[in-house]
There are 2 protein chains.
Amino acid sequence: MNIKTITGNNDFIEFLRGKKATFLLALSNTNTANIEGITQAGIPGLIYLTPTLDSEFVCTSEVRSLENIAETPKGVPTPALITRAVHQTTPFSNIELLDLGLMKKPQIDYFKIHHFDIHPSDSIDTDANIDALELFEKGLEFGKNYKTSDDYIILAESVPSGTTTANAVALALGYKCEGMFSSSFKNNPKNIKDETIKKALEQIDDGMDIFTKLSLISDNMLIFNAGFILGLSSTNTKLVLAGGTQMAAVLLVVNSIVEHMQGVFDAKNISLCTTRWVYEDKNSDIKSLIELCNFDINTYYTDFNFSETSHPALKMYDDGEAKEGVGAGGAIMYSILNGSNKLTLTKEIEKFLN
Amino acid sequence: MNIKTITGNNDFIEFLRGKKATFLLALSNTNTANIEGITQAGIPGLIYLTPTLDSEFVCTSEVRSLENIAETPKGVPTPALITRAVHQTTPFSNIELLDLGLMKKPQIDYFKIHHFDIHPSDSIDTDANIDALELFEKGLEFGKNYKTSDDYIILAESVPSGTTTANAVALALGYKCEGMFSSSFKNNPKNIKDETIKKALEQIDDGMDIFTKLSLISDNMLIFNAGFILGLSSTNTKLVLAGGTQMAAVLLVVNSIVEHMQGVFDAKNISLCTTRWVYEDKNSDIKSLIELCNFDINTYYTDFNFSETSHPALKMYDDGEAKEGVGAGGAIMYSILNGSNKLTLTKEIEKFLN
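Residues numbered from 1 in each chain as written. Chains lettered and ligands numbered in written order. Predicted model: local features only at pLDDT ≥ 70, side-chain atom pairs only at ≥ 80, totals over all residues. Heavy atoms only, no water.

Caption draft 1: Looking closely at the overall build of chain A. Across its full length, chain A holds 14 helices and eight strands. Whereas a compact globule of 354 residues would reach a radius of gyration of roughly 20 Å, chain A reaches 18 Å, a difference of no more than 12%. Along the longest, intermediate and shortest principal axes, the C-alpha atoms of chain A span 55 × 40 × 40 Å. Residues counted as buried form 65% of the 354 residues belonging to chain A. Expressed as a percentage of contacts within chain A between residues at least 6 apart in sequence, the contacts between residues at least 24 apart total 83%. Carbon and sulfur atoms make up 46% of the accessible area of chain A, which amounts to about 12,900 Å² in all. Distance between charge centroids for chain A: 6 Å, based on 30 positive and 45 negative side chains. (Helix = DSSP H or I, 4+ residues; strand = E, 2+ residues; numbered from the N terminus. Rg over C-alpha atoms; globule rule 2.2 N^0.38 Å. Buried < 20%, exposed > 50% of the residue type's maximum accessible area, 1.4 Å probe, protein only. Contact = heavy atoms within 4.5 Å. Areas by Shrake-Rupley, 256 points an atom, 1.4 Å probe, with all protein chains shown as cover. Lys, Arg positive; Asp, Glu negative; His and termini not counted. Charge placed at Lys NZ, Arg CZ, Asp CG, Glu CD.)

Structure representation (structure tokens):
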């Protein structure tokens, strides 16, 4: 398995080879996920538990807040399995959780869980009801002051229905991004998502400033992480955004805020890494999304797939039923940069399903 | 695959097992390499590019300054393939480059490239035209001040025609080293090398001090690294010289400088590790070279060979067509010390040739 370049060149990622990372997992709930059929990231009726369960599983290999690990109605297992398998074969030095508004706190001892007094956001089709400026500033402060003894940071997320909010935000900020956003569905539920995004955008008018727009139709992760990136950029710490179109949307929020503040952003210390399932997705276009930014950035995908397994639940990834989440792409990258291989990783993932 | 002791015992190297290293790659051009037929370390007419291409390949797995990776006219691939394969399977924590006089700078971002305002040296058959004392002091200062967050340093080199200059230097410094020097050729081009060395030595007389001699007939790597070793020895940092007879010549330069300064050198924190191809070479004798030093030192070779492959280009190493360079021996050592095995390493090297 290899890391392939989407934009830029491979020097950034090669520089990180052999180095140790802290894995930060940003967790958030938005009530947008309660719109029926909008996401398959979890168990119907218990979608809100997905980030909590994902974080428990990545940290401990157990789910504590439910009997079983979350899988979709079709039986696609969460990408948290991939991230956990990486952690078992080429362990991160450290995992920390960011509670960006969770309905249910993860039941984990010892691991650092950063709390910021952030509440789950409301549904974007009415009003997400976020204080975006305050939330951005919380991210900014956290980034400015974040210290790690590791060589770099991998920032991942688990936010059910996050592609919908990401898509809405990118449109609200004026980006021409039709057809560029991914969904965890194979048959992208265009109608429900489109309708939700349409309703969300009806609240927006061109006269609004960026933070007003974000307050109405974002999720917490997009805003906080934009602040985190800008805060961290003052510290010279290298950062890999582990995610697909949602993380690309975070970059667009950064881009718009920098523009709003008439600043210039140097992205030399940040990067993005996603999965091949996102990169090859016919229903989205992460490369074009990234290229909407005014700054240059090195971005990558990993070419790992499930060709080495015959397990039907995993094969669904190769069929496009699930593509990314819980930092799967960045985790596979970490695995590669620390000398693992496809068969080892595949076998480790399979163990969770037996 | 195993690490075998040449001199001393295996405690030094066993102490490093499981520890993380920074890989320093010293790069230099000498116009000696332009003497026709003197080296096969690269593409005829483009030999000067070899250290640049080697460093690009080790860092990024790409060559940027030429279309293809350097191979000899006979098609022997550069040992940089071995070093890179190690980095992909058991990654070094960090790679840094030392520009000790390059015709062409490596085209690499992010990686630290140390510049010392050193120019490529001239050919030793006329006058290498080096300010040896100044160069030595640059190495000394760099060694004194070099900081690493890793457990130890592996110091490698890529200097085309470096065995010729190393041989000339050892003779000029008065060492009885007939037949002890290796070449990257199977059929050691004795006549061209001997003639060049003879011409070089004609410039030397016994009344000259060591730095005058080195200025006339050395290459930059030999002098700078001698300084680096002596500077670093004041810091208690452990160092493995990754190379064959050229690195042994660096030790002889250290030995002569210490003698010249009427000092005593304790080599307990340094070591040398080379390949079995050098150790078993009938046309050279690294053990005897090392034993010319007045200090005791632990030195090793790795017993890796290409018995696990049927690839003809790699088989040429086992036939003696290429033996060492770009830290191959020290890299294989690192691979062993970090739990890899012969088959894994062989398969990774083969990938570059498909």
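Caption draft 2: The arrangement of the relation of the copies chain B and chain A in detail. The transformation that overlays chain B on chain A combines an axial shift of 1.0 Å with a rotation of 119°, and the residual RMSD is 0.0 Å. Overall, the copies show the geometry of a three-fold rotation axis. (Least-squares fit on C-alpha atoms with pLDDT ≥ 70 in both.)

Caption draft 3: Inspection of the sheet that holds strand S7 (residues 270–275) of chain B at higher detail. Residue and element names in this part refer to chain B. Pairing is mixed across the open sheet formed by eight strands, whose spatial order is S1-S8-S7-S6-S5-S2-S3-S4. The sheet is open, and its two borders are formed by strand S1 (3–7) and strand S4 (112–115), each paired with just one other strand. Along the sheet, successive strands turn relative to each other by an average axial angle of 25°, direction set aside. Across six bridges, strand S2 (residues 21–27) lies against strand S3 (residues 94–99) in parallel orientation. Bridging across to S3, Leu27 finds its partner in Asp99. Lying on the sheet, helix H8 (residues 220–232) is in contact with S2, S3, strand S5 (152–158), strand S6 (238–242) and S7; it crosses S5 at an angle near 170°. (Pairing = 2+ DSSP bridges. Axes fitted to C-alpha atoms, helices over the stretch in contact; angles between N-to-C directions.)

Caption draft 4: The arrangement of the pairing of S7(B) in detail. Residues and elements named next belong to chain B. Buried residues dominate S7, accounting for six of its six residues. Taken together, the four bridges between S6 and S7 define a ladder with parallel strand orientation. Across the sheet, the residue bridging to Leu239 is Ile270, located in S7. A crossover connection joins S6 to the parallel S7 through helix H9 (residues 245–260); in handedness this β-α-β unit is right-handed. Where S7 meets strand S8 (residues 298–302), five bridges bridge the pair, whose relative direction is parallel. Counted as the bridge partner of Cys273 is Tyr300 from S8. (Right-handed = clockwise from strand over helix to strand, strands pointing away.)

Caption draft 5: Region of interest: the environment of B:Ile13. Relative to the helices and strands, B:Ile13 resides in helix H1 (residues 11–15). C-alpha of B:Ile13 to C-alpha of B:Ser271: the two residues are 258 residues apart in sequence and 8.3 Å apart in space.

Caption draft 6: Region of the structure containing unusual backbone geometry. All names here are of chain B. The residue Ser161 is not glycine, and still its phi comes out positive at about 70°. Of note, Ser161 is situated in the loop between S5 and helix H5 (162–172). Judged by its relative accessible area of 4%, Ser161 falls in the buried class. The backbone of Asn236 sits at a positive phi, close to 75°, despite the residue not being glycine. Tracing the chain through its elements places Asn236 in the loop between H8 and S6.

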